[in-house]
Amino acid sequence: MKKILFLADRFYPSTEVQLEVVYSQLIQQHKYSVVFIMRCRENKKLFEVKRYNSSIVIAVKSPRRDNLFTRQIINVTLLGYMIPIAIRLKPDIIQVRNWTWGLFMGIIIRFLNKIPLVFQYTYPRDYTLQQKAQQGKIASRIRSFCELFWLNYFIRYPDAILPISNTMKKALIAQGIKTKIIYPLGMGYNSIIDIKSKESDRIKNDLQIINNDIVMYFGTMDEGRKLEFLMNVWKDVLTFVDNNLILVLTGGELSNIERLSKYADKLNISNRVLFTGFLKNRKDVYRLLKTALYSVSPIPPTPMYNVSSPTKLYESLGLGCPVIGNDLPEQGAVLRKSKGGICVKYDKDQFVKAMTYLANNKAHSKKLGNQGKDYVLKNRSYEHITHDLVKIYNNHVLP
């Protein structure tokens, strides 16, 4: 059994799908075990050992006051503990996810233990640091500039880099990273999800939309997503569709829901929009998707999102729910290959036309959903992604 020591940038217990499904469960079927290092707000002690599905987590207590000073104390303390932990565990691979300080610790462990270092890069951290270095308070700008410098320096040391998409791979190559160490590892669909029709009816009944046809948006609602664009599209769509059609948006912090609710009021469409907030169980999102006419994925074509591998795309298609999304590199490619939805430009009129068409052509919507599900189950299930990941470890990382 090969062992991976994984320094993750998430709090325990993480619901990030790759960590929860691939690394804490499926990879064990391929004779790999994973020991995570994660922060935890519920810890009573500085370090606690916890279970995470089929894996172990060494949980590090997160300070009540999260600021630069407390963060650096935790980082330095963690470094002091990490070295003996790594020596005792004797991992075959040290892996770090998005975390600049974790990457520094990984480089030290790589040198001391003489084991390969893998860096998993799931979002363009360098871009967000560049943005922060150019705006905000002076202290924040200096901190972001310093971290950006060290990230660009440290990222040249891993033996393998797992970017979230082929587009991110191209960006890394443009930075001078060697092509031969870059292996894209995108998002996918958890095919073990089993949703019953009665369960979907229950959640719709709880939300008092049992008699409505629904269109779904789920995921982040922060200002960077510019969901006012979707509200404007929806206002025009309502002119051409049945009165029982409703737009359901799940997830989102309260401040963002309040912002978008006010905008819906301004457009006079509040009676045709439902904000659920975060549902108690992620399966409830899947239960709604199972009954939706289609889901929408309007993602602004910015440097932040152009490199993305949209989870909502694969989860919608995997559940047989067609997707209307704009032509970001990966999202557009998958929509065209799978024939599981409609790919449009990030343009109001094009979204209105596509959303109106599928709302009024339910049989065709169902056909697209079936095509998308078939494609995802054959090509982008997490079983397939885990198999590809193990091949990367066996053929390119381990000696």
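Structural data are supplied above this passage.
These figures come from a predicted structure and were not determined experimentally. (Residues numbered from 1 in each chain as written. Predicted model: local features only at pLDDT ≥ 70, side-chain atom pairs only at ≥ 80, totals over all residues. Heavy atoms only, no water.)

**Some words on the packing of helix H12 (residues 311-318) against helix H13 (residues 329-338)**
Look at H12 against H13: their axes get within 10 Å of each other, and the N-to-C directions meet at 20°. Taken together, the axes of H12 and H13 lie roughly parallel to each other. Here H12 and H13 pass one another in a crossing that is right-handed. On H13, the residues touching Leu313, Tyr314 and Leu317 of H12 are Glu330, Gln331, Val334, Leu335 and Ser338. The residue inventory of the contact of H12 with H13, partitioned by class, reads 5 nonpolar, 2 polar and 1 charged. (Axes fitted to C-alpha atoms, helices over the stretch in contact; angles between N-to-C directions. Helix = DSSP H or I, 4+ residues; strand = E, 2+ residues; numbered from the N terminus. Parallel < 35°, antiparallel > 145°, perpendicular 65-115°, else oblique. Left-handed = near helix turned anticlockwise from the far one by under 90°. Contact = heavy atoms within 4.5 Å. Nonpolar A, V, L, I, M, F, W, Y, C, P; charged D, E, K, R; others polar.)

**Some thoughts on the pattern of salt bridges**
Enumeration over the complete set of coordinates arrives at 17 salt bridges. Linking Arg259 and Glu228 is a salt bridge whose minimum nitrogen-to-oxygen distance equals 2.9 Å. Remark: Glu228 occurs in helix H8 (residues 228-237) and Arg259 occurs in helix H9 (residues 254-267); sequence separation between them is 31 residues. In the salt-bridge network here, residues are joined through shared partners; they are Glu199, Arg202, Asp206, Asp284 and Arg287. (Salt bridge = Lys/Arg side-chain N within 4 Å of Asp/Glu carboxyl O.)

**Considerations on the packing of aromatic side chains**
Each aromatic ring pair is characterised by the separation of its centres together with the angle its planes make. This structure, assessed with the given rule, holds 16 aromatic pairs. Measuring from ring centre to ring centre gives 4.5 Å for Phe47 and Tyr81, while their planes differ by 45°; the resulting arrangement is tilted. Residue Phe47 is located in strand E3 (residues 47-52), and its partner Tyr81 is located in helix H2 (residues 68-89); the two are separated by 34 residues in the primary sequence. Three or more aromatic residues link up through ring pairs in this structure, and these residues are Trp101, Phe104, Phe149, Trp150, Tyr153, Phe154 and Tyr157. (Phe/Tyr/Trp six-rings, centres within 6.5 Å; stacked < 30°, edge-to-face > 60°.)

**Section: the nonpolar core**
Membership of the largest hydrophobic core comes to 96 residues, with the highest contact counts inside it found for Leu7, Tyr23, Phe36, Met216 and Tyr393. Of all hydrophobic cores here, the second largest spans 34 residues; its members include Met221, Ile257, Ile324 and Val352. (Core = buried A, V, L, I, M, F, W, Y, C linked by side-chain atoms within 4.5 Å. Buried < 20%, exposed > 50% of the residue type's maximum accessible area, 1.4 Å probe, protein only.)

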